[in-house]
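# Architecture and fold: a report
In case you want the letters, here they are:
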Amino acid sequence: VQLQASGGGLVQAGGSLRLSCAASGRTFSSYAMGWFRQAPGKEREFVAAISWSGGGTFYADSVKGRFTISRDNAKNTVYLQMNSLKPEDTAVYYCATPGVKYAIYNYKRQGSYDYWGQGTQVTVSS
């Protein structure tokens, strides 16, 4: 399984970015997908996740109402639309996917995910 994240960059506070994560190596539509981030000097934290069917989405409180996760199974890609960006959103963003099909027990737990992308840097200037 390979995950390739892209779309990061430098943006001013209040701006928007859309991250993409292209998956390969297995049937994309059967697996949940998640986004995590790690800021300098901090631990990696959950950002958002989407169920295998796309019918369930989950967000960290810090991004709820500003970020939207979605998936396009025809393109084997998951997206993270980030609006109203804040300097505290600055981090390396990682996409991840579990090793088990369909539903997982805890979408917000890092241990639920077995495969990780290489990360894409998001920098929000004030």
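Our structure is the block above this text.
What follows covers the state of the cysteines. Applying the stated criterion to the full structure yields one disulfide. Bridging cysteine 21 to cysteine 95, the disulfide has an S-S length of 2.1 Å. On the S-S bond that ties cysteine 21 to cysteine 95, the torsion sits near 60°, and the link is right-handed. Separated by 74 residues along the polypeptide, cysteine 21 in strand β3 (residues 17-24) and cysteine 95 in strand β9 (residues 91-97) bring together distant segments of the chain. Accessibility expressed as a relative area gives 0% for cysteine 21, which makes it buried.

Right, let's talk about the nonpolar core for a bit. Ranked by size, the top nonpolar core spans 36 residues in total, and within it Trp35, Leu80, Met82 and Tyr93 carry the most contacts. Counting residues per element, the ones that place at least two in this core are β1 (2-6), β3, β4 (33-38), β5 (45-50), β7 (67-72), β8 (77-82), β9 and β11 (120-125). Of all the elements, β5 adds the most residues to this core, at five residues. Excluding residues that lie within four positions of it along the chain, tyrosine 93 makes contacts with Leu19, Trp35, Phe36, Arg37, Val47, Phe67, Leu80, Met82, Gly119, Thr120 and Val122.

Parameters at a glance
- Residues numbered from 1 in each chain as written.
- Predicted model: local features only at pLDDT ≥ 70, side-chain atom pairs only at ≥ 80, totals over all residues.
- Heavy atoms only, no water.
- Disulfide = S-S within 2.5 Å.
- Helix = DSSP H or I, 4+ residues; strand = E, 2+ residues; numbered from the N terminus.
- Buried < 20%, exposed > 50% of the residue type's maximum accessible area, 1.4 Å probe, protein only.
- Core = buried A, V, L, I, M, F, W, Y, C linked by side-chain atoms within 4.5 Å.
- Contact = heavy atoms within 4.5 Å.

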